[in-house]
Amino acid sequence: MAPRKPPFPRLLLDNVSCMRNAQQILRHCNASVHDGSALVLTGTNGSGKTTFLRMLAGFSKPSAGQILWNGHNITDSGVFHQYKLQLNWLSLKDAIKDKFTVLDNVQWFEVLEGKMGKSLPALELMGLGRLVNEKARLLSMGQRKRLQLARLLAIDRPIWLLDEPSVALDDDGVQLLEHIIAEHRKKGGIVIVATHLPIEIEDAMVLRLPPRFQRRMTLVDMLDRAEIS
Ligand SMILES: Nc1ncnc2c1ncn2[C@@H]1O[C@H](COP(=O)(O)OP(=O)(O)OP(=O)(O)O)[C@@H](O)[C@H]1O
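Before going into details, it helps to say that this report is about the structure given with it. (Residues numbered from 1 in each chain as written. Predicted model: local features only at pLDDT ≥ 70, side-chain atom pairs only at ≥ 80, totals over all residues.)

1. Thoughts on the site of the ligand
What surrounds the ligand is a group of 14 residues, the closest being Asn21, Asn45, Lys49, Thr50 and Thr51. Only strand E2 (23-33) and helix H1 (49-57) provide two or more residues apiece to the shell around the ligand. Ranked by residue count, the leading element in the shell around the ligand is H1, at three residues. Partitioning the shell around the ligand into residue classes produces two nonpolar, nine polar and three charged. (Near = placed C-beta within 6 Å. Helix = DSSP H or I, 4+ residues; strand = E, 2+ residues; numbered from the N terminus. Nonpolar A, V, L, I, M, F, W, Y, C, P; charged D, E, K, R; others polar.)

Following this line, the structure appears as structure tokens:
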């Protein structure tokens, strides 16, 4: 019997590079991402983690190489139309409307998605149950992040692109984040995370982006060297 071929990756980055404002940010990135898997992007400030996520979200195009979804190039307009409906994007800009209630801030997105009934349970899971009728402007930074995460759950799309999702979360919030990531993956969802902070994600692939510029020598480095010689 012929050996069974591994399933085609849901997402494939094939030798992808990216320029922004005529500057080379990413070079020759490769990754295969299957249903239920997680990819963690790490690297120094400015190494291109957000750029990587933006490219996957279709905000920037690769300058070389290709990103394939189900084997189709996401930059083809017909493909992109379908592909973008798979994405859930969480960034440092939270797109929260301060004048809306906490519940409306989630339900609005859910209704746009043609779904209903998930906003309240999602907010409760994220520990915001008591605040659903408060105006969002009253939320703390960590609570705003929890609201963003409740949105991910209510919208419930398969590919999560998360830029620094644990920033401002307390320990309990980070555990909730880890929990919802694990549950999403159990359903076959994909999670791609850019982070500086440790987040426990089982069997995650880690892609460490190289620094774009060589690190300058700091005073501490100079003192270290002086001690050695
Ligand atoms: N709009 C833009 N035009 C040109 N260059 C940009 C633009 N936005 C970011 N860059 C540059 O791209 C590089 C990578 O930025 P990016 O935000 O992807 O890094 P990062 O790894 O996410 O950084 P951080 O850890 O600080 O969040 C940086 O050198 C930055 O100056």
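2. Observations regarding the pairing of strand E8 (residues 190-194)
Most of E8 sits out of view: five of its five residues are buried. Residues Ile190, Ile192 and Ala194 point to one face of E8 and Val191 and Val193 to the other, with burial holding for every one of them. Relative to E8, strand E7 (residues 159-163) is paired through five bridges, and the arrangement is parallel. For Leu161, the partnering residue across the bridge sits in E8 and is Ile192. (Buried ≥ 20, exposed ≤ 12 C-beta atoms within 10 Å, placed from the backbone. Pairing = 2+ DSSP bridges.)

3. With respect to unusual backbone geometry
At Asn21, a position not held by glycine, the phi torsion is positive, near 50°. Within the fold, Asn21 resides in the loop between strand E1 (11-20) and E2. The class of Asn21 is exposed, set by 5 C-beta atoms lying within 10 Å. Backbone geometry places Ala95, a non-glycine residue, at a positive phi of 50°. Tracing the backbone through its elements, the reader meets Ala95 in the loop between strand E6 (87-90) and helix H3 (102-112).

4. Concerning the sheet that holds E1
In spatial order, the strands read E2-E1-E4-E5; together these four strands make up an open sheet with antiparallel pairing. Each edge of the open sheet is held by one strand with a lone partner, namely E2 and strand E5 (72-73). Of the strand pairs in this sheet, E1 and E2 are connected by seven bridges, and their pairing is antiparallel. Note that in E2 the partner of Leu12 across the bridge is Ser32.

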